[in-house]
Amino acid sequence: MMSMTSHNLDFGRSVLDLLACGCSSSASIHRSSVRKIAMTGSRKSNRGCGARRLVCCRQNLARCRVYSTKTPETLLNVGQIPPTVLNLKEKSRSPISLANIFEVVAEDLQTLNQNLKSIVGAENPVLMSAAEQIFGAGGKRLRPALVFLVSRATAELVGLKELTTKHRRLAEIIEMIHTASLIHDDVLDESDMRRGQETVHQLYGTRVAVLAGDFMFAQSSWYLANLENLEVIKLISQVIKDFASGEIKQASSLFDCNLELEEYLIKSYYKTASLIAASTKGAAIFSGVDGSLSKQMYEYGRNLGLSFQIVDDILDFTQSAEQLGKPAASDLAKGNLTAPVIFALEKEPKLREIIESEFCETGSLDEAIKLVKTSGGIEKAQELAKEKANLAIHNLHCLPRSPFRVALEDMVMFNLERFV
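Residues numbered from 1 in each chain as written. Predicted model: local features only at pLDDT ≥ 70, side-chain atom pairs only at ≥ 80, totals over all residues. Heavy atoms only, no water.

- Under an unreviewed UniProt entry, the name given to the chain is Solanesyl diphosphate synthase, and the organism recorded is Citrus clementina.
- The UniProt entry for the chain carries this comment under Sequence similarities (unreviewed entry): "Belongs to the FPP/GGPP synthase family."
- As its UniProt record puts it under Cofactor (unreviewed entry), the chain is described as follows: "Mg(2+)". (UniProt positions renumbered as here; feature names shortened; annotations may be inferred.)

Right, here's the structure in full:
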C-alpha cells in the first residue's frame, strides 16, 4: 500500500455522503463548509505568454478548499484499506473485455440502444442530429451497464425475476445525463475530437452544442421526475449539480501546483464518480433492498468511478493520441493537474517551474511530460487506482455470488488492466 500523508478531510458525512444520498441538508452544509474556509485571492497576472480563455478567468475566481479536522475516511482511505483481493499478474487469467462483462446484460443494453434516440425526442432536427452524433460515437455504455448489473444482482435478493420499468428508465436517464455532460465538457475544453470523431460543437458550433446538452439535461430531468421516487430524484439531481461544481473547481485551479491530492479526488468525484455512484445506488433502490445494501452499492460506484478517473489520467501520459482519440497529455497542456502530476510534483521542483510558466518556452510541455514519467508519478497514481479498486471489490461482498456480481468484479479488473 502506498504511503500518503493527508490531514483535514472527512467526507464520511460532512460532504460526499450527504451529497450522494440526496439529504436535503447537503447543499447548505457544502456551501457553509466552503464559505468558512474559502481563500480568496488572484493569481499573478504577469504570467507572460498568452493564457488560454479559462486560464484568464481563473485569476479572478475564489479558490476554495474543503477541509475538516477529522480523519480522511472515504476518499484517501489512509490506513483503512481492506485486505488486498486483486491480482493483476495472475498468469492463468485471460484479459477481460467489456463484451464479456456485458454479455449477461446484453439484451438489456440492446433495448437501451433502441430506446435512447427515441426518448431524446424529435421536436428539433438539429438537436436530434447532435444527439445522434454522440450516441453513435462508439460509447461504451458503461454506466447503463452498471445500472443493469446492479439491478439484476440486487433483484435476486428480493425475489424479482425481471427488471422493472423504473430500472430500465434509470439506465436511459443516466446515459442521457452522461452524454449531455460530454457535450458540455467538449465545449469547455475546446476539444475537437472525442473517441476519434469530431465533437458536436466542432460540427454544429458552440451554440448548438450548448443547447443540445441543455436539452438532454432537461429531457432526462423530465423522465427522472416521472419515476416518482423522491430519493432517486434527489440523488440524480445532485449529480447534475456536481458536474457544475467539478467544472468550477477545475477552472479555478488550472496551473495551480499547490493543488492537493484530496482536492483532485473531490473534483474527480464531482466530474466522474458521482454519476457512477448514483447509477449503482439508484439501481439498488429500485430493487427494493434495504438502505445498508444500497449504501454499499453507492460506495462501489464511487470507488470504481474514482479508480476509472485515475486510470484515465494515467493513460493521458502513457497512450498515444490515436489510442486516446484526443491529443496526449491534453489535461496537462491546459493546466489541469491530475494524480500523476500531483505525485510527480512531490519529487521534481523543476516541474513546478515549468507548469507555473504555463509552458511558455518551446519544448517545455514535452519536458514536463518526461518529468512526470521519470519521477514515479505514474506508478504512484497506479497504486492509488488499485486502492480504490480494492475498496470497490470489498463493497460487493454484501451481494450473493452470481454472474452479475462476477461481472461487477470484472468491471473493476477491466479498468486496472487498461494500464497493465
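Now that the structure has been shown, the text picks up again.
1. Remarks on the overall build of the chain
- A tally of helices and strands in the chain yields 20 helices and 2 strands.
- The burial tally for the chain puts 55% of its 420 residues in the buried class.
- Sequence-distant contacts, at least 24 apart, represent 79% of the contacts inside the chain between residues at least 6 apart. (Helix = DSSP H or I, 4+ residues; strand = E, 2+ residues; numbered from the N terminus. Buried < 20%, exposed > 50% of the residue type's maximum accessible area, 1.4 Å probe, protein only. Contact = heavy atoms within 4.5 Å.)

2. Considering unusual backbone geometry
- The phi angle at E228 is positive, at roughly 55°, despite the residue not being glycine.
- On the secondary structure map, E228 appears in the loop between helix 10 (206-225) and helix 11 (230-251).
- Judged by its relative accessible area of 69%, E228 is exposed.
- Despite not being glycine, F359 has its phi angle at roughly 55°, a positive value.
- For F359, the location among the structural elements is in the loop between helix 17 (349-356) and helix 18 (364-374).

3. Comments concerning a nonpolar patch on the surface
- Taken together, V126, L203 and Y204 make up a surface patch of nonpolar side chains, about 230 Å² in accessible area.
- Looking at where Y204 falls in the secondary structure, it is placed in helix 9 (residues 200-204). (Patch = residues over 30% accessible without salt bridge, like charges linked within 9 Å, V, L, I, M, F, W, Y side chains within 5 Å. Areas by Shrake-Rupley, 256 points an atom, 1.4 Å probe, with all protein chains shown as cover. Salt bridge = Lys/Arg side-chain N within 4 Å of Asp/Glu carboxyl O.)

4. A short note on the pattern of salt bridges
- Counted according to the given criterion, the structure contains 16 salt bridges.
- Each of D108, R152, E162 and R168 takes part in a single network of salt bridges with overlapping partners.

5. A word on the side chain of S279
- Examined against the element boundaries, S279 turns out to sit in helix 12 (residues 261-287).
- By relative accessible area, S279 is classed as buried at 0%.
- Every residue in contact with S279, bar those within four places of it in the chain, is listed here: R143, V147, L170 and I174.

6. A closer look at the nonpolar core
- The biggest cluster of nonpolar side chains holds 109 residues, and the ones touching the most others in it are I355 and M411.
- Not counting residues within four places of it along the chain, the set of residues in contact with M411 comprises L98, I101, F102, L142, L146, L149, Y300, L304 and F308. (Core = buried A, V, L, I, M, F, W, Y, C linked by side-chain atoms within 4.5 Å.)

7. What to know about the packing of helix 8 (residues 165-189) against helix 12
- It is the contact of helix 8 with helix 12, at a shortest axis distance of 10 Å, that shows an interaxial angle of 170°. For the element pair helix 8 / helix 12, the angle class is roughly antiparallel. Contact residues: helix 8 offers K166, H167, L170, I174, I177 and H178, while helix 12 offers L275, S279, G282, A283, F286 and S287.
- Class assignment of the residues belonging to the contact of helix 8 with helix 12 gives a composition of 6 nonpolar, 5 polar and 1 charged. (Axes fitted to C-alpha atoms, helices over the stretch in contact; angles between N-to-C directions. Parallel < 35°, antiparallel > 145°, perpendicular 65-115°, else oblique. Nonpolar A, V, L, I, M, F, W, Y, C, P; charged D, E, K, R; others polar.)

8. Comments concerning the environment of Q197
- If you trace the backbone, Q197 turns up in strand 2 (residues 197-198).
- Q197 sits in the partly exposed class, given a relative accessible area of 30%.
- Expressed as a C-alpha distance, the spacing of Q197 and K326, which sit 129 residues apart in the sequence, is 9.2 Å.

9. Digging into the packing of aromatic side chains
- The full count for this structure, using the stated rule, is 4 aromatic pairs.
- Aromatic pair F217 and F243: ring centres 6.3 Å apart, planes at 50°, arrangement tilted. Note that F217 is positioned in helix 10 and F243 in helix 11, a separation of 26 residues in sequence. The pair formed by F217 and F243 is uniform in burial state, with each residue classed as buried.
- Taking the ring centre of Y298 as reference, the NZ or CZ of K281 above it sits at 5.9 Å. (Phe/Tyr/Trp six-rings, centres within 6.5 Å; stacked < 30°, edge-to-face > 60°. Lys NZ or Arg CZ within 6 Å of the ring centre and 35° of its normal.)

10. So, the environment of D242
- Take D242: it is sitting in helix 11.
- Judged by its relative accessible area of 1%, D242 is buried.
- Along the chain, D242 and L275 lie 33 residues apart, while their C-alpha atoms are 8.7 Å from each other.

11. Considerations on the packing of helix 7 (residues 142-155) against helix 20 (residues 403-417)
- For the pair helix 7 and helix 20, the least separation of the axes is 8 Å and the interaxial angle reads 145°. Along this stretch, helix 7 crosses helix 20, giving a crossing that reads as left-handed. In this structure, helix 7 contributes L142, L146, L149, V150, R152 and A153 to the contact, and helix 20 contributes F404, A407, L408 and M411.
- Grouping the constituent residues of the contact of helix 7 with helix 20 by class yields 9 nonpolar, no polar and 1 charged. (Left-handed = near helix turned anticlockwise from the far one by under 90°.)

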